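# Results of the structural survey
Here is how the chains run, residue by residue.
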Amino acid sequence: MKNRSLALQIGLTVLPILLSLVITTLLILAVGSDPRAVFQNVWEGAFRDSRAFAGVVNFWIPLTLCSLGLIITFTAGLWNIGVEGQMAMGAVFASWAALSFRLPAPVLVPVEIVLAMIGGALWALLAGVLKTRLGVHEIFGGVALNALANVVSIYLISGPWQPPEGGSVRATPPFPTDALLPPLSDEFKVSLLALVIVGVVFLAVVLALRGTRWGLELKATGKNARSALLLGVPTERSALSAFIACGMLAGIAGSYRVLFTYGNLRPLVSGGIGFLGLLVVLLVANRALWAPVVAFVFAAILGGSARLKVAMQLDASLAGVLQGFLVLMALLTNGLRARLTPPAQADSRDETPHRSGETFQPITPPSQEIKAHE
Amino acid sequence: MNIELRHIHKRFGPVHANNDINLTFQGGRIIGILGENGAGKSTLMKILSGFQSLDSGEIWMDGQRVDYTGPEAAIEHGVGMLQQDPLDVAAFTVLENFIYGQRGGLSLGRKAARDRLKEISWRFGFFDLDPDTPIAQLSIGQRQQLEIVRLLSQGVKTLILDEPTTGISAEQKVVLFNALRELAHNEGMTVLLVSHKLEDVIALCDEVAVLRAGRLVGTRAMPATTRELVAMMFGQELPPVKREPVGEGLRPSPTPAIELDRAQLRGKRVTVSELSLRVQPGEIIGLAGLEGSGQEALLRACVGLIKPQAGRIQLCGEDVTGKSYRHFLRCGCAFGAAGRLEEGLVGGLTLTEHIALVNEYQPVVDWNRARRLTQEQLKQYNVRGRPDSRIETLSGGNQQRMLMALMPPKPVLMVLEQPTRGLDVDSARWIWQQLLERRATGTAIIFSSPELDEIVTYSDRILVFYAGRVTEIPDASRTNIDELGRLIGGHSDGAAQ
Amino acid sequence: MNNELLNTLNSIVSNATPLVIASIGETLTERAGVTNLSLDGSIILSAMVGFVAALASGSALVGIIAAMIVGALVALIIAFAGITLRQDQVAVGFVLTLLAADLAQFLGQSYTRIPGPQILSSPLPVFSQLPVIGPVFFDQSIFAYLSYILIFGSWYWLFRTRPGLAHRAIGERPETAFARGTRVNVLRYVYTAVGGSLVGMAGAAYSLSVKAGWATPPNMAGDGWIALAIVIFGGWHPFRVALGAYLFAGLRVLATVIQRSPDVNIPVVLLNGVPWLLMIVTLLLVSSGSIERLMHVLPRPVQKWSRNFLRSDPPAALGTRFEPD
């Protein structure tokens, strides 16, 4: 009996991976390509040599930062879809510093990163205030603010930030070297500073959620804002602080894209990494410890499939298809697991950021009454 | 219609809710189903009306064995049940609600339905059911009337009513009882009344069946005295709750616990104007009234959850008008809302996390200390649960005791919305014991309840709300349930003053 | 009335048509208590499938039907995950939003920017001769005519028929629906699929008519989110939802008109932000908090009227689960 349920648990963990691989294989066949060659290309694209691997790490850094930020907002019960825009605003603020300040690198880089955090936090705060004060659900506020962040960055690129002699409408001029994060080596182009930041952020998020009053208040707000308020938790402040924290991390992620990956500001600078972070968090069911691991797998898929276009004339959106099916199948097998295992066991796994069965009310968030009183 | 229940069994996990019940109900009679909370009476009625399936047993109607699943099938067999919170749709109009569930073609047939609604409702004296009013604007009493009309229109021959007199006014009760007598005695229907209110049962029923702990204790014909019925329900007579009258050991303090000065409070449906109230330390104020008559606005204003549109509020002499709920908490208020898991407890958090939320305020939480404190509190408040269990795994009574443990030990003022809602008699008595102990140390208490007997029993003073108007009964010991029932229905003339 | 104005109005109606179809579809789904958040993705996927199917078969009708099937399938995944597997509808819907868009891009990669069938406008006899209304509403494609039927049909269904009562009841209070003999979860599946198929039809309306063809990035990206916002703005009522779609399309067309006029000097890129600002503003307007704040400044006689007009209560059981017994 015990063996059977263990086998069931293992089966249910492997099942989504298997299913999504099978479906993706079928889809590759459907567009007339060779699945083996595709998977081999993706693998090589990610792990062929240190350059390819550096590409993966360069996706992993911003993706992990976003995922950790999103774990904070999910804990507070918030669907921070606006994370993409927060990345973009972080990138914009960092670019502003990079283009306008003439400072030595040791001063300029921290200034850029701090500004990026402020930019991301402000954009997140906007979504937060729209939700808590003005009753606009964060999903809709977030989607709109994402688009608006893009509009802002395209406007800056094509207008004010063009050099007076005229330039490209597709990107700002390259930033001066002092403004950029230095790579570890020419072979392995990854920023050491960014790796250190990711490590510190990871520890801080894990510890803050486990052991601090702030984390406890976030959790209470996320599970039941009404009750939390009645127990004396400042729920609105709690929700806004989660937005700000996530915005700051997304801002760093955005700055990494402009200060290291690209070396200038481009339209759609976030490149879908924020959305991917949401998928990561759904897949790890809001457990911070697992976020870097799953983020690495996703970064490898993403980095690896960049090669497909050149090598096989295949659209790189295959990465999104594989990742999407992984998360979809994981959610479905979660449901299956809950049906197949006795409630007591299922209960302990119910750490999902989204309590199933929770009312989704697009215009009257649960905190509707609360903010009117605070 | 004659109904016979044979050997009905129903289990919920370890609980044997119905244990070999055998009962016969005769047409043309009103039968009271008695028993304390958890005795199994609701389960039995839900089985009869199709809301719950039975584990084993048989239902016979007029000598025929019947077998059905689902409330709709029960209605087709002529059995309809009126739930305590009537099962209607708030967003529908009266007419839509009346039509929904009845057979017919694609079209609503609104004209014919309108006529039929009027015909049936007038026959029973339900004169204020306007077909075009949304359900959300009706009182519980009116919604009950609509449900009865609808069930009758669907050809029900046996009508089950679950606690129908909770939350309705004295007039609505009179209209309801007359209608039920008419249905049973003149039209030959079977009426089953589930109630724990003995005075209702004595006033209305022809016979009673008493359940205790899932078993049938017995049946008897009425009339019977309250004392006899209590003995059947509990197997013994309950000692009355000890209560010290106000002022004993407490001198009236110069600063009241809370004082409202000509406050204007906007509730969900009504606005209460020019309300002035002084509550002394150690005083218990009971708020009576139909749901949404303004009492919930006063309760919430007393803890800062709604702000007065005019007037002032003082707590212990400090002006707190317009201050936040958290400020009221800091001033020594405690608030308990009616829905425990929705308002007050956080489903998904453990007991320790709850205790930490109200005790551990430093930036880093000391979980060891919180766990020790939790263990102490669980013992002191007799909560059955482990520190690491999640709050939603506790039973209703344990949740209510946990809520008590989360409140500050010596608050200046406790504001409680329906403090014993959904609790069995024992748990309710335990809660009041706790409250009376705190009151003895000088805590003032303001509470509301749909149960008029609870209000009469425990209050020093009573405020009666009707459509935002407030009538005060300065001495609760000089009133009774009948008078309160008239007052909550809007009869203020000749009232207590 | 001058011709240019009529042309503008006509293009507003044709631009609004996919939005109307999609948001009416979502209204039907949400009225049954299920949230299909995947609109932005499923519109893109069904647009691609509709275009390819029409291209391959040479029949626009086949394209429309294929698109509707795709929309219904995506919706059924949400119903299955939400109802049968008890997962969060928002989470599954969001994943599908991204997945469907990527899937469309991947599977449609060899069909980008190639000419294909397009459904042109065909004036409706008699009706198109009406003054003003004729050229604006009845010189349109078949999709527009279908959308008119949908607007009135869904209103009639929801508010004037017996099954419509049950439809609304399962989204408002499933316990009551169960007690009155309605099969709550079966109907939730049905209406989710029906709503999803309309979302699919909206996809076909883009790729076969309004923005004919298939391209990456898809040129209707973002409109799914706008349709979702319109449902909220429309208070889940077909007439108001349709009004919201026309208003939205109107303001969008207005923005391009302004952009074209020579004496206005706004950078084109900023105008791209207009729909999104509008989305925030409309949602702000119907949120209960803002209504109350608005009440304080409005003159008394308009208060009640505008409160009733702006009020937008979601179906009470939206996004919740129901399990009998």
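Residues numbered from 1 in each chain as written. Chains lettered and ligands numbered in written order. Predicted model: local features only at pLDDT ≥ 70, side-chain atom pairs only at ≥ 80, totals over all residues.

### Focus on the confidence of the model for chain C
Just so we agree on the cut-off: A residue's pLDDT is the confidence the predictor assigns to it, expressed on a 0 to 100 scale.
Model confidence for chain C is summarised by a mean pLDDT of 90, while 97% of its residues fall at 70 or above. In the predicted complex, the global pTM is 0.91; the interface-specific ipTM is 0.92.

### Quick notes on the sheet that holds strand β16 (residues 333-336) of chain B
Residues and elements named next belong to chain B. The criterion, for reference: Think of it this way: DSSP has to see at least two bridges between two strands before they count as a pair. Segments assigned H or I by DSSP are reported as helices when at least four residues long, segments assigned E as strands when at least two residues long, and all are numbered from the N terminus. Note on geometry: axes are C-alpha line fits, over the in-contact stretch for helices, and angles between N-to-C directions span 0 to 180 degrees. Here contacts are defined at the residue level, using C-beta atoms placed from the backbone and a cut-off of 7 Å between them.
If you trace the 6 strands from one edge of the open sheet to the other, you get β16-β17-β18-β13-β19-β20, paired in mixed fashion. Only two strands of the sheet have a single neighbouring strand rather than two, namely β16 and β20 (469-473). Between one strand axis and the next, the sheet turns through 15 degrees on average, direction left out of account. Bridge count for β16 against strand β17 (residues 413-417) is 4 bridges, and the pairing is parallel. By the bridge assignment, Gly 336 is partnered in β17 with Leu 416. Where helix α16 (residues 481-488) meets the sheet, it contacts β13 (284-289), β19 (461-466) and β20, and its direction lies at approximately 35 degrees from that of β19.

### A word on the nonpolar core
Generally speaking, nonpolar side chains in soluble globular proteins are found buried as a group. We apply this condition: A set of buried residues drawn from Ala, Val, Leu, Ile, Met, Phe, Trp, Tyr and Cys, joined through C-beta atoms within 7 Å, is what defines a nonpolar core. Between the buried cut of 20 or more and the exposed cut of 12 or fewer other C-beta atoms within 10 Å of a residue's own C-beta lies the partly exposed class, and all C-beta atoms are placed from the backbone.
If you look at the biggest cluster of nonpolar residues, it comprises 277 residues, and the most contacted ones within it are Val 280 of chain A together with Val 95 of chain C. Ranked by residue count, the leading element in this core is helix α10 (residues 235-262) of chain A, at 16 residues. Apart from residues no more than four positions distant in its own chain, Val 280 of chain A is found in contact with Leu 63, Ser 67, Ala 291, Val 294, Ala 295 and Phe 298 of chain A. Listed in part, the 84 residues of the second largest apolar core include Ala 228 of chain A together with Cys 302, Ile 313 and Val 456 of chain B.

### Looking at the interface of chain B and chain C
Taken together, the contact pairs 18 residues of chain B with 15 residues of chain C. Those elements that place two or more of their residues in the side of chain B that touches chain C are α2 (71-76) and α3 (94-99) of chain B.

### Focus on the pairing of β13 of chain B
Residue and element names in this part refer to chain B. For β13, the buried fraction is high: 6 of the 6 residues fall into the buried class. Across the two faces of β13 the burial is the same, with Ile 284, Gly 286 and Ala 288 and Ile 285, Leu 287 and Gly 289 all buried. In this structure, β13 lies alongside strand β18 (residues 444-448), joined through 4 bridges in parallel fashion. Across the sheet, residue Leu 287 finds its bridge partner in β18, namely Ser 448.

### Here's the deal with the interface of chain C and chain A
Under the convention used in this document: Here the term charged refers only to Asp, Glu, Lys and Arg, the term nonpolar to Ala, Val, Leu, Ile, Met, Phe, Trp, Tyr, Cys and Pro, and the term polar to all other amino acids, Gly among them.
Every contact between the two is made by 46 residues of chain C and, on the other side, 50 residues of chain A. For the side of chain C that touches chain A, the elements supplying multiple residues, two or more each, are α4 (89-107), α10 (223-233), α12 (268-271), α13 (274-286) and α14 (288-297) of chain C. Within the side of chain C that touches chain A, the residues separate by chemical class into 27 nonpolar, 15 polar and 4 charged.

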